[in-house]
Every structure is written in C-alpha cells, then in structure tokens.
Amino acid sequence: MSDFIAEALQKLPTETPGWLSEQRRRGRSSWKSSTMPTRKTEDWKYTRLRALEEGAYLGWAERQDPTSPALTALRDQVHISGLDARMLVFVNGFYSPELSSPTAMDGMDIVHFSEADETQVETIRTHLGTAANRDKYMFTALNDSWLDDGVFVHVKQDSKVITPLHIVWLTVPQREAFSLSQRLLVVMEPGSEATVVEHFASDGAQQNSFTNGVTELVLGANARLCHYRLHLEEEHALHIGGVHARLDRDARLNSFHLGLGSILKRLDVVVRHEGNGAHCDLNGIYLPRHSQNIDYHTCIEHARPHCTTKEVFRGVISDNARAVFNGRIHIHPDAQKTVAELSNKNLLTSNKAEIDTKPELEIYADDVKCTHGATVAQLDDYALYYLCSRGIAREHAQVMLSTGFINELINNLQHPTLGEYLKPVLSDMFVQQVTQRERTE
Amino acid sequence: MLSIKNLHATVEGEDILRGINLDIGPGEVHAIMGPNGSGKSTLGHVLTGREGYEVTAGEVTFMGQDLLALAPEERALAGLLLAFQYPVEIPGVSNMEFLKTAVDGMRKYRKLEAMDSVSFMKLAREVCKRVDLDQNFLKRGVNEGFSGGEKKRNELMQMMLLEPHLAILDETDSGLDIDALQVVAAGINSMRDGKRSFVLITHYQRLLNFIEPDHVHVLGGGRIVRSGDKSLALELEDKGYGWLESEAV
C-alpha cells in the first residue's frame, strides 16, 4: 500500500520563496523513489504507518484565530514560568505574533525563511539539508518536498545567549484531517552558546493532524547548545519527524527528549560528531499509555577521534501501549579514543505493555571505549510493599515509583525550571492513568 | 493491643510459622530473639501483610480489628509500623517526598489538619537531628546510596514521624556501631510513652542493655519455645540457642 506516497506527491506547497525550489525538487524526487516501509524494513520493523495511510491527512494546515479563548488558554498552559524565555508560538504551523513574546536577543537572529535577507539566505542555503539526510530518512525527503517556509535561528560567533528560545508548536483540530510540515534550522557559529526548547502541544480535543517536523542543529567549533524537544500533544496527533545534528570540533550538544505516546509517533534523533573532541549528552523519556505508540530511533555517528557520547533513554510503558527504542552508535575507522555510553531502561506497568528495545553498536576503530545496556522491568513489588507499609495507598505508590523512574533524568535537566514545569504534568498523567485503571477493574 | 493466636504462615510453599501465640499490651516492649531461620522476620512481614506471605491458620487482632483482613496500607494507617531489616532503595523518589506523602496520609486518616510544606520541612529537619542524620538525606532518593546504619536511622525517622501504636523493629540494631546503637536506642526510648508498644526483633542482647524489655521470647522452628523476662536474654547470651532447641524437641 503506497497510496500515501502518491497522495503526498499531489500536495504541493503554496507560497514559497524561489530559492527553496531546488531543495524541494530533490526532496520530491527522493520521496518519489521511496517505498512505504513494511514489517521487513528494519528501521520500521515495529512501527506501522497504517494510521497515516488510513487517516487521509489530505488538507493543509489553515491559519487559526489566535484570539480565540481556547488558544489563549492553551498559550498559558504551555508557558513555562521561571524559564524567562523568548517565546515563539506557532498554531497549525502559522506563526502567531499575538501569542508570542519576542523580546529581542543580542547575538541571536530569528527569521522565517521567507523573510530572510540575502546574507541569511546564503547561510540557510549553506546548511539546510546538511544534517538531515533525505536519502536515508524518507520523511525528511517529504519535509524537503513540502518545504515552503521554516524558522532560521542564527547564533553569532562567540555570543553567549542566556535567554532560552522557547518555540511552541501548537495544533488544534481542523474540519478535515490535515498535514503540517515544519522545519527548524539552528546554526551556531563557533564559540556561541544558546538554549532552544522545542515544545509540541495541542488542545485537549481529539486531534486530526499529521505533523512532519524536522529540526537541524549545526554546531560550529566549540559551540554549546542546550536543546529540548518536548512532545506533549493529545494522543490523536500523529508525528513523524526528528532532530538531526552536526557537531564540529569541541562542540557540545545537550539534547533532552520527552515524548507522550500517540496513535503514531516516530522520532529520529541523529547526531554526527564531525570534529575532534565533540561531546553529546542525549537523554530522553517516553511515556506511552492506552493503546499508544512511540518510537525513538537514535543514531550517533562518531566520524572523528576523541569524541564522547553519553546517552540515556528511559520509558514507562502502560496499559496496552507499545514503545520502540533503537539506539545506534556507529564508530567510524578514524574515530579513535571515542568514549560512548548508551543506556536504555524500561518500566512496564501492565502485562499488556510492550517495549522493543535494541542497542546497536557498530565499531570500526580499535581504541575506543563503548558500553551499552538495555533493561526491561516491572514495578518492583518489594518497593511497592515498602511504600504501602507506610500507609501510602497502592495506586499512589505506583505513581511514585513510575515518576521516580523518570525523575532521575528530569532532576538533572540543565534548566531546573523546566523540570518543575514537567513534573506536575507527568505525575497528573500517571494519576489519571491509575484512576482509569481502577475504574475499569 | 495485638493478639496473635495460633498463627501459621507459609512462604513459597514452605511452612515458616507453625503456631505463634503472643499477646502484646499497651506500652509493653517485647523482644523476640532466636536463631537464623526461626521465623522472626517472617512474623514481622506477615503482620504487615507482605505479598507471598500466606497465612494458613490462626488469627490476629490489632486494636480491636481483624488485622489479617486489611491491606498493608490499611494496617499502617491503623497504627502498625515495621521498621525493615533491609529498607528498600527507591531512586528518583526523594526521601522528603516519601515522608511527606506518608505523613499527609496518616494525618488525614487521623483527622488531623494537613501540614503545609514549610512546617513539615521544619519537623523533618528536627527528626533528622534526633536520629543524627544529616539533612541532606531528606533531598536524596529514598535510602539511595545510604549506608546500612543510615538506612536504619531513616527507618527510625519514619517511626518518629508516623507515630505508630505498635512498632516492630526488625533487627534495627544489626550492623550498627556502638555510637549508632545508642542513638537508635535513645530514639526508641524517646518514643516510649506508656501507650505505644514495641516489638524488637534482634540477635543480640546488646540492644536490650539500652532498651529494657518487659518480655523476651525465643522463636525456634516457627514457634515461641520460651518466654521470660529480660534475664532470659542474658541466659541466651551465655548459653546460645542450642539448649532451647534440644528442649523444644
């Protein structure tokens, strides 16, 4: 069934700057030659695209009224107090100045592709598509083929931008199911520092969107980027996308991911160490429940010597949900003195929950230090008993253990205020889950 | 307060308790001694309702209630607390959060006014001082990376905050140096108010030098083979358990 490929080809972006047409053409041709993955496609073995094919996401996103009470309320909900961020809000892909708080920041330019000046266009053209490989990631090809605009963040050489940039991608349902293509390009010039929070959210209504969000992070020599990608959408919001990063010499990327489940959610996180001494901390949490899915595929390419990677992903999988984690670390022949650690721990809180986890190390250099591990466990009965023996109700004890399992990562976020924002959101979710389970039992 | 009649229990199909009879009145301190494998810890876990510890016969009444019909959390709320021999490490759940949740639940059950975070913090810090534990332990994960002695003091702290009617202390003295032992003993003694009762499960007479028991029982083969006053503990220290076991057979 490759209908979706043909249907997607029919859909053409409307207004686009001419200079993007080459990118689009290549994306289109790459998408055209791809085939829908099946069970035999290794990269998609455990995640089916049926929801995408059956959902008829044929419409385009439409501009919404930003002054509607629903959106104003939603805007307050996604506001992270204490983060003191510069906030850019998009609703169904359209930038909403009414909901944003764009205080100017020294050292960081933010511009839509369509409004970029000549020098900015030059920089965008130099970097766009260099991190996200359309021939390897078919949904990047789709993103390229639909490219009509995007957000370009440019951090100037040696600029230390303290104020985080908080980009909120909101979705609300439209009359008919629709597709939404998003592109973010962050270029960090040598010696620069910044924080970028990508935050996906929706209102509580049943969503009917398919979002294809591709982010590219290009870190120059000695640049430091703290990056978050939070997926907190309602469960009917489809998302296939990813984050693709390139790290030059001594660059440091700290990237944190959080994903609630959905009827279909797939994220590819790709980091290429392209300069000596680059370092990447990659951490993530996935929390599917009900009959949701979530699939994180991470791939770290160690192409140069003396680079380090520390990767920790944890998942709590509940009810009938299913999670997929694939953590690949590829050490190229030149990448001597690599140090790479990968850990993936999973907690299944129900008998019907499923995790398919696969750490993959591919090593072609002989002087490296690599470790990897994956575990799958259930809630610890003895720990539950211990909590209960102090008068804590069993359901509450379950919530405490589930949140405890992920708190170790949340407590170590570079921005503690973000952790303070996430904790109640997540523990509310676990509480809801337990009360729902109680009701059905 | 607690009345155990002919209690039999199995763990993984194996008979461990084979007819325990024990009555504990308000304000009493009972010491339970006995060799390894005699069922001391099992008794504690059966009373607090650990899963897999199956009662096959007998009955237990606690403060007028059928204890065995209650879930572990209900037993705790009713005022029974077991200080674990091996407290569980729970990384990611801060000790403070754990203690506050437990105390909040207990106060609600006892129809006491809820404590705000600031007052609770103050109380927790005071209790920390009483058991000679650094305040940093409140911020750490529950028992995470605590030494043996620190875990035992954390158990004691929970007892002080939850103020049970009956506390069963399962080898709370094991693995403690003499200074720590004195801290623990002083902590337990400070909780004695004439109404609260204690069961001290221990291997060593040493603890009983600091906490004077009203009764001493020796467990052997899942039964109480001998009961007496504190002099029994001294006799055991002197002669070991061998003479009692041969007597029991």
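1. So, the domain arrangement of chain A
Residues and elements named next belong to chain A.
Stage number 1. Each domain of chain A was delimited in the assignment, giving domain 1 (3-275) and domain 2 (383-441).
Stage number 2. With 18 residues of domain 1 at the interface, the matching set in domain 2 holds 9 residues.
Stage number 3. Both faces combined, the contact of domain 1 with domain 2 buries some 1200 Å², and carbon together with sulfur accounts for 78% of it.
Stage number 4. Taken together, the links from domain 1 to domain 2 amount to 0 salt bridges.
Stage number 5. Here domain 1 and domain 2 share 2 residue pairs in polar contact (both at pLDDT 80 or more) between them.
Stage number 6. Where the side of domain 1 that touches domain 2 is concerned, the elements lending two or more residues are helix 4 (69-78), strand 8 (193-202), strand 10 (224-231) and strand 12 (252-260).
Stage number 7. Among the elements that make up the side of domain 1 that touches domain 2, the one with the highest residue count is strand 12 (4 residues).
Stage number 8. Classifying every residue of the side of domain 1 that touches domain 2 by side-chain character gives 11 nonpolar, 7 polar and no charged.

2. Looking at the packing of aromatic side chains
All names here are of chain A.
Stage number 1. Taken as a whole and judged by the stated rule, the model has 22 aromatic pairs over all chains.
Stage number 2. With centroids separated by 5.5 Å and ring planes inclined at 65°, the aromatic side chains of tryptophan 31 and phenylalanine 139 adopt a geometry described as edge-to-face. Placement of the pair is tryptophan 31 in helix 2 (residues 21-32) and phenylalanine 139 in helix 6 (residues 138-145), with a sequence separation of 108 residues.
Stage number 3. A residue is classified by how much of its surface remains accessible, and tryptophan 31, at 0% relative accessible area, is buried.
Stage number 4. Overall, phenylalanine 139 belongs to the buried group, its relative accessible area being 4%.

3. Quick look at helix 7 (residues 381-388) of chain A
All names here are of chain A.
Stage number 1. The element helix 7 is largely enclosed, with a buried count of 6 among its 8 residues.
Stage number 2. Every buried residue of helix 7 is accounted for by Ala383, Leu384, Tyr385, Tyr386, Leu387 and Cys388.
Stage number 3. If you check the start of helix 7, you find a side-chain oxygen 2.9 Å away from the backbone N of tyrosine 382, and it comes from aspartate 380.

4. A few points about the packing of helix 1 (residues 3-10) of chain A against helix 2 of chain A
All names here are of chain A.
Stage number 1. The N-to-C vectors of helix 1 and helix 2 enclose an angle of 160°; their axes lie 10 Å apart at closest approach. Regarding the angle of helix 1 to helix 2, the classification is roughly antiparallel. Two packed elements cross with a definite hand, and for helix 1 against helix 2 that hand is left-handed. Listed contacts from helix 2 to Phe4, Ile5, Ala8 and Leu9 of helix 1 are Arg28, Trp31 and Lys32.

5. What to know about helix 3 (residues 95-109) of chain B
Stage number 1. An ideal rise of 1.5 Å per residue puts 21 Å on 15 residues; helix 3 of chain B measures up with 21 Å between its terminal C-alpha atoms.
Stage number 2. Buried within helix 3 of chain B are the following residues: Asn95, Met96, Phe98, Leu99, Lys100, Thr101, Ala102, Val103 and Met106 of chain B.

6. Brief notes about the sheet that holds strand 3 (residues 94-95) of chain A
Residue and element names in this part refer to chain A.
Stage number 1. Spatially, 3-2-6-8-10-12-14-16-18-20 is the arrangement adopted by the 10 strands of the open sheet, whose pairing is mixed. The two strands at the open ends of the sheet, each matched to only one other strand, are strand 3 and strand 20 (369-378).
Stage number 2. Pairing geometry for strand 18 (residues 339-348) and strand 20, over 10 bridges, is parallel. Paired with leucine 342 across the bridge in strand 20 is histidine 372.
Stage number 3. Here helix 4 sits on the sheet and contacts strand 2 (86-91), strand 6 (165-171) and strand 8; the angle it forms with strand 6, its principal contact strand, is near 140°.
Stage number 4. Contacts between helix 8 (residues 394-410) and the sheet are confined to strand 14 (279-287), strand 16 (308-317) and strand 18, with strand 16 contributing the most and set at about 160° to the helix.

7. Quick look at the pattern of salt bridges
All names here are of chain A.
Stage number 1. All told, the structure shown has 31 salt bridges over all chains when counted by the stated rule.
Stage number 2. A salt bridge links arginine 229 to glutamate 198, with the shortest nitrogen-to-oxygen separation between them at 3.2 Å. Of this pair, arginine 229 sits in strand 10 while glutamate 198 is found in strand 8, placing the two residues 31 residues apart along the sequence. Of the two residues, arginine 229 and glutamate 198, both sit in the buried class.
Stage number 3. Arginine 272 serves as the salt-bridge partner of glutamate 274, at 2.9 Å between the closest nitrogen and oxygen.
Stage number 4. Judged by relative accessible area, glutamate 274 falls into the partly exposed class, the value being 28%.
Stage number 5. Of the residues examined, arginine 272 reaches a relative accessible area of 29% and is grouped as partly exposed.

8. A word on unusual backbone geometry
Stage number 1. One non-glycine residue, histidine 290 of chain A, lies in positive phi territory at about 50°.
Stage number 2. For asparagine 6 of chain B, which is not glycine, the phi dihedral falls at a positive 45°.
Stage number 3. In this structure, asparagine 6 of chain B sits in strand 1 (residues 2-11).

9. As for the packing of helix 4 (residues 117-130) of chain B against helix 6 (residues 148-162) of chain B
Any two packed helices are characterised by how steeply their axes cross, that is the angle between the axes, and by the distance between the axes.
All names here are of chain B.
Stage number 1. The interhelical angle for the contact between helix 4 and helix 6, taken along N-to-C directions, is 130°, at an axis separation of 10 Å. Classed by the angle they form, the pair helix 4 and helix 6 counts as oblique. Every pair of crossing elements has a handedness; the one defined by helix 4 and helix 6 is right-handed. Across from Phe120, Leu123, Ala124, Val127, Cys128 and Arg130 in helix 4, the residues of helix 6 making contact are Met157, Met160 and Leu161.
Stage number 2. Class assignment of the residues belonging to the contact of helix 4 with helix 6 gives a composition of 8 nonpolar, no polar and 1 charged.

About the cut-offs
- Throughout this document, residue positions are counted from 1 along each chain, in the order its sequence is written.
- Written order determines the labels here, with chains lettered from A and ligands numbered from 1.
- Given that this is a predicted model, residues contribute local features only at a pLDDT of at least 70 and side-chain atom pairs are listed and counted only at 80 or more, while totals for whole chains, interfaces and linings are drawn from all residues.
- By convention in this description, side-chain values take in all heavy atoms of the structure and omit both hydrogens and water.
- Just so you know, the domain bounds were taken from an automatic or database domain assignment.
- Every residue pair with non-hydrogen atoms within 4.5 Å of one another is taken to be in contact.
- What counts as buried area is the accessible surface, traced by a 1.4 Å probe, that two parts surrender upon association, with contributions from both included.
- Every case where a carboxyl oxygen of Asp or Glu lies within 4 Å of a side-chain nitrogen of Lys or Arg is listed as a salt bridge.
- Two N or O atoms count as a polar contact when they lie within 3.5 Å, although within protein this holds only if one can serve as hydrogen donor and the other as acceptor, and sequence-adjacent residues are included solely when both atoms are side-chain atoms.
- Numbering of helices and strands runs from the N terminus; a helix is a DSSP stretch of H or I covering at least four residues, while a strand is a stretch of E covering at least two.
- Polar here means any residue other than Ala, Val, Leu, Ile, Met, Phe, Trp, Tyr, Cys and Pro, which are nonpolar, and Asp, Glu, Lys and Arg, which are charged; Gly is therefore polar.
- Put simply, two rings from Phe, Tyr or Trp (the six-membered ring, in Trp's case) pair if the centres are within 6.5 Å, and we call them stacked under 30 degrees between planes, edge-to-face over 60, tilted for the rest.
- Each residue is assigned to one of three classes by its accessible area relative to the maximum for its type, calculated with a 1.4 Å probe on protein chains only: buried under 20%, partly exposed between the two thresholds, exposed over 50%.
- Simply put, an axis is a line fit to the C-alpha atoms, just over the touching stretch for a helix, and the angle between two N-to-C directions goes from 0 to 180 degrees.
- Note that the term roughly parallel is reserved for angles under 35 degrees, roughly antiparallel for angles over 145, roughly perpendicular for angles of 65 to 115, and oblique for everything else.
- For any helix crossing, the convention is left-handed if the near helix is rotated counterclockwise from the far helix by under a right angle, and right-handed if that rotation is clockwise.
- A helix is expected to reach a length of 1.5 Å times the quantity of its residues less one.
- A pair of strands is considered paired only if DSSP assigns at least 2 bridges between the two.

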